Amino acid sequence: MDRRSFLKTSAIGGAAVAASSIIPACASSKDGKKAANDVALNISFQEGIAPGETLAEKLDFMQNLGVVGFEPSGRGLKGRVKEIQDALNGRNIKVSAICAGFSGFILAEDPAVKNEFDTTMREIVEAAGELGSTGVIMVPAFNGQKPCMPHTQETRDYLCEELHKLGEFAKSCGTTVILEPLNRKEAYFMRLVADAAAIARDADSEGVKAMGDFWHMQEETSDYGAFMSAGKQYLQHVHIASRGNRKMPGENGEVDNYVEGFRALKQIGYDKYVSFECGCGGDRATLVTAAVNLLRAQWEEA
Ligand code: MG
């Protein structure tokens, strides 16, 4: 056999092997598509999103729109547990995640500031557990929080050890702590969903999870890859906003495309919440309703 006919034969052989392996791959991807289509989009709002003067009015609006999650701030949460439980009683809306609200920060160099974090964070985690929340969102340190431990391997190890303790505490309360990656202007050391998921993994506690925020995910090269990198095991929450100026999804037109990210969420069988964290550039009732409809259409398309 000369070199030319050898190449031809092996190319054909290769194609035959490839063709035979395509058949089961297609079948399983069809099954995967069917399973993915069964995944529901659970929309959640932070407290400032819905129009309304009171919490009850906001929840009425949410209920009419089919929003099933409510994300309050952690600030003062301990004193609001009963208020929130009563307000949600009889509604098809549950507490999704709790948005931060603690004082101090976990990577503070000053022991008093670290202690402030430990005390206030644990109080919020306890309240989150009582409310059946998916977890309490936290950032280990914003760029502006100083003095901060140096960005070294030792600090990362320390962070994982501290998160392990906090995660185990959260688990004992029936909830979690959720690491939120931000963009480089806000927290340069934890920018990607994969960064947060890897820290969660290394913290080695089921009580430590990660999330993605479509606004900060401008740092990612792929929305799909970002969510896939965390997978169902670590992805515990998602924030959403318009992608040009962080207003209601849809306010920035074409750029407000979440389809690739949604496709990943459907494929991993994500069963937590996609929660609005954004401003509003016009009539709130109109824009919020349009945003919810847009997300439902894109979820369907994904
Ligand atoms: Mg966010």
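1. Remarks on the overall build of the chain
When its secondary structure is counted, the chain shows nine helices and nine strands. Across the 302 residues of the chain, 48% fall into the buried class. Taking the intrachain contacts of the chain between residues at least 6 apart in sequence as the baseline, contacts between residues at least 24 apart amount to 77%.

2. A few points about the pairing of strand 7 (residues 208-213)
Here strand 7 lies mainly inside the structure; six of its six residues are buried. Neither face of strand 7 is open: one carries Val-208, Ala-210 and Gly-212, the other Lys-209, Met-211 and Asp-213, and all of them are buried. Pairing analysis gives three bridges linking strand 6 (residues 177-179) to strand 7, with the strands arranged parallel. When the sheet's bridge partners are listed, Val-177 is paired in strand 7 with Val-208. Each parallel crossover has a hand, and for strand 6 linked through helix 6 (residues 193-203) to strand 7 it is right-handed. Across four bridges, strand 7 lies against strand 8 (residues 235-240) in parallel orientation.

3. Some words on the packing of aromatic side chains
Applying the stated criterion across every chain, the model contains eight aromatic pairs. Both rings, one in Phe-102 and one in Phe-117, keep their centres 5.1 Å apart while their planes meet at 85 degrees; by these two values the pair is edge-to-face. Taken together, the residues Phe-102 in the loop between strand 4 (97-99) and helix 4 (111-130) and Phe-117 in helix 4 connect sequence positions 15 residues apart. For the pair shown, Phe-102 and Phe-117 are each scored as buried. Members of the aromatic cluster, connected to one another through ring pairs, are Phe-214, Phe-227, Tyr-258, Phe-262 and Trp-299.

4. Considerations on the coordination of the magnesium ion
Coordination sphere of the magnesium ion, protein contribution only: Glu-180 (OE), Asp-213 (OD), His-239 (ND1) and Glu-277 (OE), at 2.1 to 2.2 Å. Counting the intervening residues between successive donors of the magnesium ion yields the motif E-x32-D-x25-H-x37-E. Taken together, the residues Glu-180 in the loop between strand 6 and helix 6 and Glu-277 in the loop between strand 9 (274-276) and helix 9 (284-301) connect sequence positions 97 residues apart. In terms of burial, Glu-180 and Glu-277 fall into one category: buried.

5. Side note on the sheet that holds strand 1 (residues 43-46)
The nine strands lie next to each other as 3-2-1-9-8-7-6-5-4, forming an open sheet whose pairing is parallel. The sheet is open, and its two edges are formed by strand 3 (94-95) and strand 4, each paired on a single side. Examined bridge by bridge, strand 2 (residues 69-71) and strand 3 share two bridges and lie parallel to one another. Pairing of Phe-70 across the sheet is with Val-95, part of strand 3.

6. Details of helix 7 (residues 223-234)
Taking 1.5 Å per residue, 12 residues should reach 16 Å; helix 7 reaches 16 Å between its end C-alpha atoms and fits that length. Those residues of helix 7 that sit buried are Asp-223, Ala-226, Phe-227, Ala-230, Gly-231 and Tyr-234. The residue sitting at the N-terminus of helix 7 and contributing the capping side-chain oxygen is Ser-222; that oxygen lies 3.3 Å from the backbone nitrogen of Tyr-224.

7. Quick notes on the side chain of Gln-46
On the secondary structure map, Gln-46 appears in strand 1. Residue classification places Gln-46 among the buried positions, given a relative accessible area of 15%. Among the polar contacts made by the side chain of Gln-46, one reaches the side chain of Glu-71 at a distance of 2.7 Å. Within polar-contact distance, the side chain of Gln-46 engages the side chain of Glu-277 at 3.1 Å. Setting aside residues no more than four positions away along its own chain, Gln-46 makes contact with Glu-71, Cys-99, His-239, Ser-275, Phe-276 and Glu-277.

8. Brief notes about the side chain of Thr-134
The topology assignment puts Thr-134 in the loop between helix 4 and strand 5 (135-138). Given the relative accessible area of 11%, Thr-134 is considered buried. Apart from the residues within four sequence positions on either side, Thr-134 is in contact with Val-95, Ser-96, Ala-97, Thr-175, Thr-176, Ile-178, Gln-236, Lys-272 and Tyr-273.

Rules used in this analysis
In every chain, residue numbers begin from 1 and rise along the written sequence. Per-residue local features of the predicted model are confined to residues with pLDDT of at least 70, and side-chain atom pairs are confined, for both listing and counting, to 80 or more; whole-chain, interface and lining totals are unaffected and use all residues. With hydrogens and water set aside, each side-chain value is computed from the structure's full complement of heavy atoms. A run of H or I in DSSP becomes a helix once it reaches four residues, and a run of E becomes a strand once it reaches two; helices and strands are each numbered from the N terminus. Any residue under 20% of the maximum accessible area for its type is buried, any over 50% is exposed, and the rest in between are partly exposed; the area is computed with a 1.4 Å probe on protein chains only. Here a residue-residue contact requires only that any non-hydrogen atoms of the pair lie within 4.5 Å. When DSSP finds at least two bridges between two strands, those strands are taken to pair. Clockwise travel from the first strand over the helix to the second, with the strands pointing away from the viewer, marks a crossover as right-handed. Any two rings among Phe, Tyr and Trp, with Trp reduced to its six-membered ring, count as a pair given centres within 6.5 Å; such a pair is stacked if its planes are under 30 degrees apart, edge-to-face if over 60, and tilted if neither. Metal coordination here is assigned from N, O and S atoms located within 2.8 Å of the ion, or within 3.2 Å for Na, K and Ca; omission of water means that sites may look incomplete. Here a helix's expected span is defined as the number of its residues, less one, multiplied by 1.5 Å. Identification of polar contacts relies on pairs of N or O atoms within 3.5 Å, with a donor-acceptor requirement for protein atoms, meaning one able to donate a hydrogen and the other able to accept it, and with residues adjacent in sequence counted only if both atoms are side-chain atoms.

Purely geometric stuff here, so don't read any function into it on its own.
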